[in-house]
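In case you want the letters, here they are:
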Amino acid sequence: MLAYTLKRTFVAFLILIVVSALTFSLSHLSTDPAMTIAGETASEADIEAIRKLYGYDRPVYEQYISWATRAMSGDFGESFHYRQRVSEMISGRIGTTMTLGLCAILFALAISIPLGTIAAIRPNSWIDRIALFIAVIGQALPTFWFALMMIIVFGVWWRWLPISGNTTWQHFVMPTIALGYYATPALMRLTRAGMIEVLASDYIRTAKAKGLRPMTVLFKHALRNAIIPVVSLAAVWFGFMLGGSIVIETIFNLKGIGWLSYDALLRADLPVVQAIVLIFASFYVVLTLFADLLNAYLDPRISVR
Amino acid sequence: MSQTSETVSSVPLGQQLGANQILDEVFEPSPFSKIRKRIFKNHSFLIGTIILLSILGVAVFAPVLVPHDPYDQELSSRLMNPFWHDKKHAVEHVLGTDKVGRDYLSRLIYGAQVSLLIGFSSMLISGIIGTVMGVTAGYFGGRVDMVVNFIINTRLAMPVFLVAMAAVVAFGASLTVVILVLGLFLWDRFAVVMRSITMQARDLDYVNAARAIGCSTPHIIVREIFPNVLSSLTVIATVEMANAILLEAALSFLGFGVQAPTPSWGLMLNEAREYMFFSPWLLALPGACLFMLVLAINLFGDGLRDVTMGQER
Amino acid sequence: MTKTVLEIEDLHVDIPVSAGVLHPVRGISFSVERGETLCIVGESGCGKSLTSLSMMGLLPKTAQVSAGRMEFLGRDLRLLSEREMSDVRGASMAMIFQEPMTSLNPAYTIGNQLEEAYRRHNKGARSDARDRAVFLLEKVGISAASSRLKQYPHQLSGGLRQRVMIAMALMCGPDLVIADEPTTALDVTIQAQILHLLAELQREFDMGMVLITHDLGIVARVADKVAVMYAGKIVEAGPCTSVFENPLHPYTQGLLRCIPVPGKTARGAHLGSIPGVVPNLVGDLQGCMFRNRCEYATSACADMGEEAQSVGDGHSYTCVLSPDEASMDADNKKVANA
């Protein structure tokens with residue numbers, strides 16, 4: 001178990017290096033950081049001076065190594081635009097994004113699991129068809145369009161919910177729904193398929209033969225087994241939600257790190273973009289490892305060797 | 001009273017059953033009619049195909065269908081309303097005009113071209129990249145497989161949206177760049193599935209059987225493995241095409257995709273945001289078009305899988 | 001305590017399918033007494049498993065069960081609600097299934113699953129359930145029972161898992177145990193042990209047992225009564241010794257002929273086999289369903305009625321041939337060759 005985790009961690013580390021290196025090259029291709037820092041009114045001499053000061057005249061790989069070494073201790077440098085430490089900017093905003101992501105995945109699970117279960121108990125019934133209908137519609141709905149339509153209906157016409165900001169819990173309702181529904185089709189299909197398969201298995205027949213009550217058979221025996229892959233997938237989807245938060249945060253003016261990355265890109269604020277890419281990638285890597293370990297924990301047959 | 005003569009004259013049940021079986025074999029429908037039957041039974045597949053073909057038709061015949069040139073700016077008739085609004089509405093602009101006077105309907109129609117073009121091209125690029133990687137990994141195994149797996153995992157770890165935006169910033173926002181960026185990012189599912197199919201096919205019974213009767217390797221690949229592969233490939237192709245279309249729309253919506261004046265539905269949504277509280281149709285229409293297109297592609301892909309399932313082996 | 005545990009008369013199971021209505025069980029009758037083992041024997045698809053599932057009420061909702069009588073310990077099973085039936089299941093009527101490898105939930109310890117069976121039907125402390133589990137595990141021959149409770153099913157072999165299944169069936173002290181091919185999935189050596197175990201437990205707990213199998217060897221070893229099923233009907237039934245010594249139905253005779261007997265079957269001689277396949281049981285079915293595979297079939301077979309012929313001490317069979325015509329001599333030929 002320990003060896004497995006160590007090996008995974010090592011590979012994860014390599015992945016993060018590759019991801020950040022790629023992003024680093026990409027951003028240094030696009031802009032001249034010295035110019036961005038100097039501002040619009042600076043002279044050539046000023047820009048050159050800044051370049052030397054910050055070391056932008058060194059080869060790219062050298063710059064990357066110094067960035068990476070500092071990043072490992074949590075120092076992501078300073079924002080070009082805001083003159084603040086990037087790590088401070090991020091730590092101030094990451095809470096919003098995490099809250100949004102978590103609510104979104106919980107929302108998705110709250111819909112998918114019951115719907116998928118009922119659809120599995122009564123396949124081809126009207127509720128099964130509704131569930132599949134929701135899945136099909138959900139997969140085709142563009143997230144940002146759904147968000148905008150919700151704003152018009154719930155924020156403007158009916159005035160039920162606020163459309164901007166992040167001060168109260170109501171501010172999170174529409175963003176949660178807009179972000180979360182996209183995971184619902186996949187999770188619901190997996191729940192349904194898993195439950196159908198589990199309900200046909202022999203140990204469910206044994207449970208019924210013991211005279212156990214239907215609820216016990218359903219929850220204690222069936223769901224417990226069917227849910228394992230769903231939970232793993234949910235962990236991975238949580239990672240996707242964090243990445244997909246950019247659009248939602250921008251639309252709803254929730255100033256989390258998704259919004260921050262968008263803002264930074266507009267301003268060519270490289271250190272911020274670099275840092276956020278690394279953070280998203282780290283989340284994904286950690287979440288997939290977590291999903292695997294969760295899988296192993298929930299299924300006694302798997303021993304992680 | 002011999003037993004045997006009694007048995008013969010009584011037409012035992014077994015003989016009757018045998019006759020029925022022979023009849024069944026003679027009248028068994030041909031593979032084509034079986035497929036045709038399955039297609040028409042599958043309602044969602046039909047709906048998806050019809051919608052898809054319609055949108056395709058609109059895109060192909062766009063130059064003929066549009067009432068105006070979508071790039072034509074008529075600054076004197078800016079922000080006209082569609083025909084169901086009776087305040088300021090012009091007869092020649094059925095759905096009104098946008099903020100620089102371009103006919104909305106024409107832009108909507110041309111938007112289909114843009115979405116389909118982007119979706120198809122990036123799907124093609126990502127398909128080629130992913131298939132090559134997946135087949136290589138599956139066929140060679142060992143270290144090659146490890147390397148490819150690492151590449152796939154690295155790609156999955158990247159926040160696609162963010163890095164795509166950064167790439168667009170780096171290389172400039174244009175149709176070509178968007179297509180290339182999407183194509184270079186959406187190959188992972190192709191790779192994963194092609195890898196597993198190749199690995200399975202390598203050791204499959206019917207491949208070994210074919211080899212045993214002397215078929216050469218290319219023959220095996222074309223005749224035995226390919227049909228099996230084709231159905232999985234088409235399904236993933238539809239999924240990735242839908243993904244590409246949605247991704248481009250989101251990028252354009254945030255301003256990191258196709259640039260004005262190209263009529264992209266995502267871009268139109270971006271432009272609509274300013275006026276969304278007063279003219280909600282500016283939001284509703286392009287989004288609905290996106291939704292219909294993606295829905296059609298999904299239904300088509302799902303239906304294709306259902307219809308061709310049970311065809312192989 | 002009532003002597004007759006189970007009384008089934010004219011049981012029918014009908015399942016609507018796309019091609020019509022399937023009749024896998026077409027009017028069978030049997031009874032089981034306390035301390036007695038009834039073996040239902042037949043080939044795959046004859047309806048024996050469906051019979052046991054219908055007694056337990058475990059058939060899918062689409063299946064229609066009807067009978068002249070379906071009495072368990074004097075109670076009419078057809079009048080029981082689903083809830084009352086679930087109170088009976090596992091408590092006074094228990095079932096052991098064929099596949100021990102998949103019949104236990106992999107996510108819970110066997111202790112959990114054993115105790116659950118007990119606590120569903122008995123109020124009381126958790127420790128009562130655990131003590132009973134340990135007691136029964138030891139009874140079924142599993143050593144180190146208390147530490148076994150914490151093990152998961154995948155940590156046990158097939159033979160051990162089947163023993164656990166047996167223990168689980170006995171947790172509430174049932175009056176009737178239905179064992180559906182309990183040894184088919186096990187090694188031959190383990191088979192003998194499990195059968196021996198079942199017989200012992202039946203004696204000790206004074207239960208009725210219905211054992212379903214396709215293996216005549218098992219029948220010979222454990223059965224008090226045997227019922228031979230074919231195509232949804234019982235074609236021959238009676239005390240085990242009587243049926244084995246004097247098989248009257250051509251199907252029974254065919255089955256017995258398939259078994260080579262050391263010392264009797266000549267080397268190189270033809271092993272018997274019954275040609276043909278089990279018929280399709282959809283739609284209206286008339287007459288004897290074995291006639292297409294029977295070497296003694298006549299035109300009268302197509303119109304054969306339902307009545308069985310009896311030859312005393314409970315041995316009966318359903319065939320157009322009279323007992324004299326049907327009997328076989330030592331050379332396995334019909335005595336009266338018409």
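1. Points about the overall build of chain A
Step number 1: A count of helical and extended segments in chain A gives 13 helices and 0 strands.
Step number 2: Secondary structure elements of chain A, listed N to C terminal, follow the sequence α-α-α-α-α-α-α-α-α-α-α-α-α.
Step number 3: Once the C-alpha set of chain A is aligned to its principal axes, its extents read approximately 85 × 60 × 30 Å.
Step number 4: When each of the 305 residues of chain A is scored for burial, the buried share is 45%.
Step number 5: Sequence-distant contacts, at least 24 apart, represent 73% of the contacts inside chain A between residues at least 6 apart.

2. Section: the overall build of chain B
Step number 1: The helix and strand inventory of chain B stands at 14 helices and 0 strands.
Step number 2: Listing each helix as α and each strand as β along chain B from the N terminus yields α-α-α-α-α-α-α-α-α-α-α-α-α-α.

3. Observations regarding the environment of A:Arg70
Residue and element names in this part refer to chain A.
Step number 1: Along the chain, the position of Arg 70 falls in helix H4 (residues 60–72).
Step number 2: The exposure class of Arg 70 is exposed, given the 12 C-beta atoms found within 10 Å.
Step number 3: Separated by 34 residues in the primary sequence, Arg 70 and Ala 104 place their C-alpha atoms 33 Å from one another.
Step number 4: Dropping the residues within four chain positions of it, Arg 70 is found in contact with Asp 75 and Gly 77.

4. Describing the environment of C:Leu22
Residue and element names in this part refer to chain C.
Step number 1: Within the fold, Leu 22 resides in strand E2 (residues 20–33).
Step number 2: Each C-alpha atom, one on Leu 22 and one on Leu 281, is 5.6 Å from the other, the two residues being 259 residues apart in sequence.
Step number 3: Among residues more than four places away in sequence, those in contact with Leu 22 are Ile 15, Val 17, Leu 281 and Val 282.

5. Thoughts on the pairing of strand E7 (residues 93–96) of chain C
Residues and elements named next belong to chain C.
Step number 1: Of the two faces of E7, the one holding Met 93 and Met 95 and the one holding Ala 94 and Ile 96 are both buried throughout.
Step number 2: As defined by bridge partners, E7 adjoins strand E8 (residues 176–180) across 4 bridges and the pair is classed as parallel. Bridge assignment links Ile 96 to a residue of E8, and that residue is Ala 179.

6. Notes on the interface of chain A and chain B
Step number 1: Contacts between the two partners involve 34 residues from chain A and, on the opposite side, 32 residues from chain B.
Step number 2: Contributions of two or more residues to the side of chain A that touches chain B are made by helix H1 (2–30), helix H6 (126–140), helix H7 (143–157), helix H11 (214–252), helix H12 (257–266) and helix H13 (270–298) of chain A.
Step number 3: Ranked by residue count, the leading element in the side of chain A that touches chain B is H1(A), at 8 residues.
Step number 4: The class makeup of the residues in the side of chain A that touches chain B is 26 nonpolar, 8 polar and no charged.

7. A closer look at the packing of H11(A) against helix H8 (residues 160–171) of chain B
Step number 1: Taken N-terminus to C-terminus, the directions of H11(A) and H8(B) make an angle of 55°; their axes are 8 Å apart at the nearest point. Between H11(A) and H8(B), the angle is such that the two are oblique. Between H11(A) and H8(B), the residues in contact are A:Gly243, A:Gly244 and A:Ile246 and B:Val160, B:Phe161 and B:Leu162, respectively.
Step number 2: In terms of residue class, the contact of H11(A) with H8(B) is made up of 4 nonpolar, 2 polar and no charged.

8. A few points about the pairing of strand E5 (residues 69–72) of chain C
Residue and element names in this part refer to chain C.
Step number 1: Across the two faces of E5 the burial differs, with Met 70 and Phe 72 buried and Arg 69 and Glu 71 not buried at all.
Step number 2: Pairing between strand E1 (residues 4–17) and E5: 4 bridges, direction antiparallel. The residue bridging Glu 9 from the neighbouring strand is Arg 69, located in E5.
Step number 3: As paired elements, E5 and strand E6 (residues 75–76) share 2 bridges and run antiparallel to each other.

9. Brief notes about the environment of A:Arg189
All names here are of chain A.
Step number 1: The residue Arg 189 is located in helix H9 (residues 184–199) in this model.
Step number 2: On the neighbour-count criterion, Arg 189 (18 C-beta atoms within 10 Å) is partly exposed.
Step number 3: For the pair Arg 189 and Ala 119, spaced 70 residues apart in the sequence, the C-alpha separation amounts to 9.5 Å.

10. What to know about the nonpolar core
Step number 1: Ranked by internal contacts, the top residues of the largest apolar core, which has 261 residues, are A:Leu187, A:Ile276, A:Ala281, B:Ala164, B:Ala250, C:Ala167 and C:Val228.
Step number 2: When residues in this core are grouped by element, the largest group, 20 residues, is from H11(A).
Step number 3: Excluding residues within four positions of it along the chain, C:Ala167 makes contact with C:Leu114, C:Leu136, C:Leu137 and C:Val140.

Rules used throughout
Residues numbered from 1 in each chain as written. Chains lettered and ligands numbered in written order. Predicted model: local features only at pLDDT ≥ 70, side-chain atom pairs only at ≥ 80, totals over all residues. Helix = DSSP H or I, 4+ residues; strand = E, 2+ residues; numbered from the N terminus. Buried ≥ 20, exposed ≤ 12 C-beta atoms within 10 Å, placed from the backbone. Contact = placed C-beta atoms within 7 Å. Pairing = 2+ DSSP bridges. Nonpolar A, V, L, I, M, F, W, Y, C, P; charged D, E, K, R; others polar. Axes fitted to C-alpha atoms, helices over the stretch in contact; angles between N-to-C directions. Parallel < 35°, antiparallel > 145°, perpendicular 65-115°, else oblique. Core = buried A, V, L, I, M, F, W, Y, C linked by C-beta atoms within 7 Å.

Worth remembering: the numbers are spatial, not functional.
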